[in-house]
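Chain residues, written in single-letter form:
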Amino acid sequence: MRPKTNMIHVQNLTKNYGDRRAVDGISFSIQEGEIVGILGPNGAGKTTTIRILTCYMPASSGAASIGGYDVFTDSMAVRRIVGYLPESTPLDMQSRVREYLVFRGKIRGLDRAARDAAIKRVTELCWLGDFIDRPINQLSKGMKQRVGLADALLHDPKVLILDEPTIGLDPTQIRETRNLIQELAKRHTVLLSSHILPEVEATCQRTIIIAGGKIVASGSPAELKERIRGGSRLIAEVAGPDAEVKKALGGVTGVTGVNVHSDNGWHRFTLDTQRGEDPREHIFKVVKDKGWSLRELRLEVGSLEEFFVQITAQQMQEQRAARKEARP
Amino acid sequence: MTRNVMALTQRELAATFYSPVAYVVAAVFLVATGYIFMEKTLQPGAEASVRFMLQSMAWVLIFAVPLLTMRSLSDEYASGTIEALMTAPVTDIEVVLGKFLGVLIFYVALLITTLLHVVLMMRYCVMDLGVLFYGYLGMLLLGALYVSVGLFASSLTRYQLVAALIGAGVLGVFTLLVDSLAGWYGGTWRNALGYVNVLYRFEDFAKGLFDTKAIVFFLSGTAFFLFLTVKILESRRWR
């Protein structure tokens, strides 16, 4: 296998719309063959970042390159190796699907033979067969999304950039699109954005979480989960003298706090644990040695969802505070 | 470059032909010019030339052409297709040229249908073919200028109606307004205003005169408005 190279490189990218700063000094790199998701609430700066990468608008400061070409100075070279599906899937409503793809093939410099082959390929890949000759304005949202994706794939681009590829689709279509994206990731470097976490969790190897125009966290789903382990809790249901059990459980290494909730002779203990510790085995031993009964012992790992809500809410609060300060 | 422009021209032409607006505009234009032709030219004793017909067409087109061009860029903005277009490997110049040629071809098709009037006239009189040729050459140059102004107006806004009004407004300034202003002021002002008066420039063609000054005027005017359109398109990226 070839050594992995940086396919997308973003350095200190900033974009201002008038007074408002939409993207605030973000930096990241994506290697060839990776599939990366940008996750963030609405208005976090996802679309702006993507629009800068796809040469739709220039950044206010900072630099970005794709495949070694600068998006500002080498815009045409970047456009040739990027396939882009904009957020709202804009298509020429007056054309038929095939007609549209022919046009898109032409402006990508494909000659007739290459175009025909490309259209045949994407028709199969995106299941356009049933409606390839229908007018685009008669298609459902899901079909349009597939046409948009087919367009993005027409020139077999090295990099595929998808802005909210499953927004507005029904659950079946979402699953189909996810499978397709994962299929595509075998041949292309994929960058997609979403404001829905399970979406990114299901398809991407790596997630970049942005809020308020800044990167607040990034890593693989497992790494992100690891980061939030600190807040994980242990649930143990034990039958025995509650004060004694509480003392015993509190003495186990790794346990930092004990809460008890009694119910009909059973005591439900909620234990706070140290980051990265899993003291379940020790707890079982303690309970067994004392001769108490144990009917539940469970480690509650905080979900990525919780983490996402937590950091984005935090970011929003900070922004609100900053705005208050700014006001005279 | 050429291939991209051709692909864009073809798309623009198809979009114009698919749009009901183009047909309504074409119908109204043909009815209006046909009526003027019947009333003024196809009469016993009237001048056997297309001069009056072409001059009145130049008037009607002040309002007709902006209606043909208003869709061009405004609709791309409104529907968001501009994003797909401007992230494809085409330059802003190619986009503007392609759109310009697309509408211009539709305009030429419209112009060709008015040759029916000429055929009708030829049954009744002997026509000077040289005058006819220069007249229609003038119409082509005039149309190119009008289309470039309309395209410029369309690049300014996402609302088609606003684009049409701006287009007709700009054309109105360089035709009707400068004409009435020249009537008020005398001397140097009159000459200067006459110089930028599109209809005044067009008169030579309608008379069948070959005037390089007028040709340069129309071509440079067209180039100027196309250049402005490219600049507007570029500047939108920086917002």
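Residues numbered from 1 in each chain as written. Chains lettered and ligands numbered in written order. Predicted model: local features only at pLDDT ≥ 70, side-chain atom pairs only at ≥ 80, totals over all residues.

Engineer: Before we go on, may I ask you to explain the domain arrangement of chain A in this structure?
Structural biologist: Looking at chain A, the domain boundaries give domain 1 (6–227) and domain 2 (233–300). With centres defined by C-alpha atoms, the gap from domain 1 of chain A to domain 2 of chain A works out at 48 Å. (Domains from an automatic or database assignment.)

Engineer: What am I meant to see in the pairing of strand 1 (residues 6–17) of chain A here?
Structural biologist: Consecutive side chains of a regular strand alternate in pointing toward one face of the sheet and then the other. All names here are of chain A. Bridging between strand 1 and strand 2 (residues 20–31) involves 9 bridges; their strand directions are antiparallel. Across the sheet, the residue bridging to Thr14 is Asp24, located in strand 2. Where strand 1 folds back onto strand 2 in an antiparallel hairpin, the turn is made up of 2 residues, including Gly18, whose phi is positive at roughly 60 degrees. Where strand 1 lies against strand 4 (residues 61–66), 5 bridges are found, and the strand directions are antiparallel. Bridge pairing in strand 4 links His9 to Ser65. (Pairing = 2+ DSSP bridges. Helix = DSSP H or I, 4+ residues; strand = E, 2+ residues; numbered from the N terminus.)

Engineer: What is the right way to look at the interface of chain A and chain B in this model?
Structural biologist: Many analyses report the size of an interface as the accessible area lost when the parts associate. Listed per partner, the contact involves 21 residues of chain A and 18 residues of chain B. Secondary structure elements with two or more residues in the side of chain A that touches chain B: helix 2 (75–81) and helix 3 (97–107) of chain A. (Contact = placed C-beta atoms within 7 Å.)

Engineer: Could you clarify how one ought to interpret the sheet that holds strand 12 (residues 255–263) of chain A in this entry?
Structural biologist: Within a sheet, neighbouring strands are paired by backbone hydrogen bonds and run either parallel or antiparallel to one another. Residue and element names in this part refer to chain A. Ordered by their spatial adjacency, 4 strands build an open sheet running 12-13-11-14, and the pairing between neighbours is antiparallel. Edge positions in the open sheet fall to strand 12 and strand 14 (293–300), since each of these has one partner strand only. Pairs of neighbouring strands in the sheet enclose a mean axial angle of 15 degrees, with direction left out of account. In the sheet, strand 11 (residues 233–239) pairs with strand 13 (residues 266–273) via 7 bridges, with the strands oriented antiparallel. Note on strand 13: the bridge partner recorded for Leu234 is Leu271. Sitting on the sheet, helix 9 (residues 242–250) is in contact with strand 11, strand 12 and strand 13, with an inclination near 160 degrees to strand 12. (Axes fitted to C-alpha atoms, helices over the stretch in contact; angles between N-to-C directions.)

Engineer: Is there a simple way to think about helix 1 (residues 46–53) of chain A in this case?
Structural biologist: Side chains of residues three or four places apart in an α-helix project in the same direction, reflecting 3.6 residues per turn. In terms of burial, helix 1 of chain A is a largely internal element, 8 of the 8 residues being buried. Every buried residue belonging to helix 1 of chain A is among Lys46, Thr47, Thr48, Thr49, Ile50, Arg51, Ile52 and Leu53 of chain A, and all of these are buried. (Buried ≥ 20, exposed ≤ 12 C-beta atoms within 10 Å, placed from the backbone.)

Engineer: Mind showing me how you'd approach the nonpolar core here?
Structural biologist: The nonpolar side chains of a soluble globular protein tend to be buried, and buried together. Judged by nonpolar contacts, the single largest core of 125 residues is most densely connected at Ala150 and Ile161 of chain A together with Val147 of chain B. With residues near it in sequence (within four places) discarded, Ile161 of chain A still touches Ile50, Leu53, Thr54, Val82, Tyr84 and Leu191 of chain A. Among the nonpolar cores identified, the runner-up in size contains 11 residues, and Ala236, Val245, Val252 and Val287 of chain A belong to it. (Core = buried A, V, L, I, M, F, W, Y, C linked by C-beta atoms within 7 Å.)

Engineer: Mind showing me how you'd approach the environment of Lys214 of chain A here?
Structural biologist: All names here are of chain A. Inspection of the secondary structure puts Lys214 in strand 10 (residues 214–219). Assessed through the 16 C-beta atoms surrounding it within 10 Å, Lys214 is described here as partly exposed. Along the backbone, Lys214 and Lys46 are 168 residues apart, and their C-alpha atoms lie at a distance of 10.0 Å.

Engineer: Hey, could you run me through the sheet that holds strand 1 of chain A in this one?
Structural biologist: Residue and element names in this part refer to chain A. Spatially, 4 strands are ordered 2-1-4-5 in an open sheet, and the strand pairing comes out antiparallel. Looking at the sheet topology across the chains shown, the edges are occupied by strand 2 and strand 5 (69–70). Each of strand 1, strand 2 and strand 4 touches helix 1; the most contacted strand, strand 1, lies at about 120 degrees to it.

Engineer: Mind showing me how you'd approach the packing of helix 3 (residues 51–79) of chain B against helix 8 (residues 160–184) of chain B here?
Structural biologist: Two packed helices can be described by the angle between their axes and the distance between those axes. Residue and element names in this part refer to chain B. It is the contact of helix 3 with helix 8, at a shortest axis distance of 8 Å, that shows an interaxial angle of 135 degrees. Accordingly, the angle class assigned to the pair helix 3 and helix 8 is oblique. Along this stretch, helix 3 crosses helix 8, giving a crossing that reads as right-handed. Mapping the contact onto sequence places Ile62, Phe63, Pro66, Leu67, Thr69, Met70, Arg71, Ser74 and Asp75 in helix 3 and Gln160, Ala163, Ala164, Gly167, Ala168, Leu171, Gly172 and Thr175 in helix 8. Considered class by class, the residues forming the contact of helix 3 with helix 8 number 9 nonpolar, 6 polar and 2 charged. (Parallel < 35°, antiparallel > 145°, perpendicular 65-115°, else oblique. Left-handed = near helix turned anticlockwise from the far one by under 90°. Nonpolar A, V, L, I, M, F, W, Y, C, P; charged D, E, K, R; others polar.)

Engineer: Looking at this structure, how should I read unusual backbone geometry?
Structural biologist: Among all residues except glycine, the phi angle is most often negative; among peptide bonds, the trans geometry is most common. Residues and elements named next belong to chain A. One non-glycine residue, Trp127, adopts positive backbone phi at about 50 degrees. Owing to 14 C-beta atoms within 10 Å, Trp127 belongs among the partly exposed residues under this scheme. Notably, Glu164 is not glycine yet its phi reads approximately 50 degrees, a positive angle. Mapped onto the secondary structure, Glu164 falls in the loop between strand 7 (159–163) and helix 6 (171–184). Given 22 C-beta atoms within a 10 Å radius, Glu164 is considered buried.

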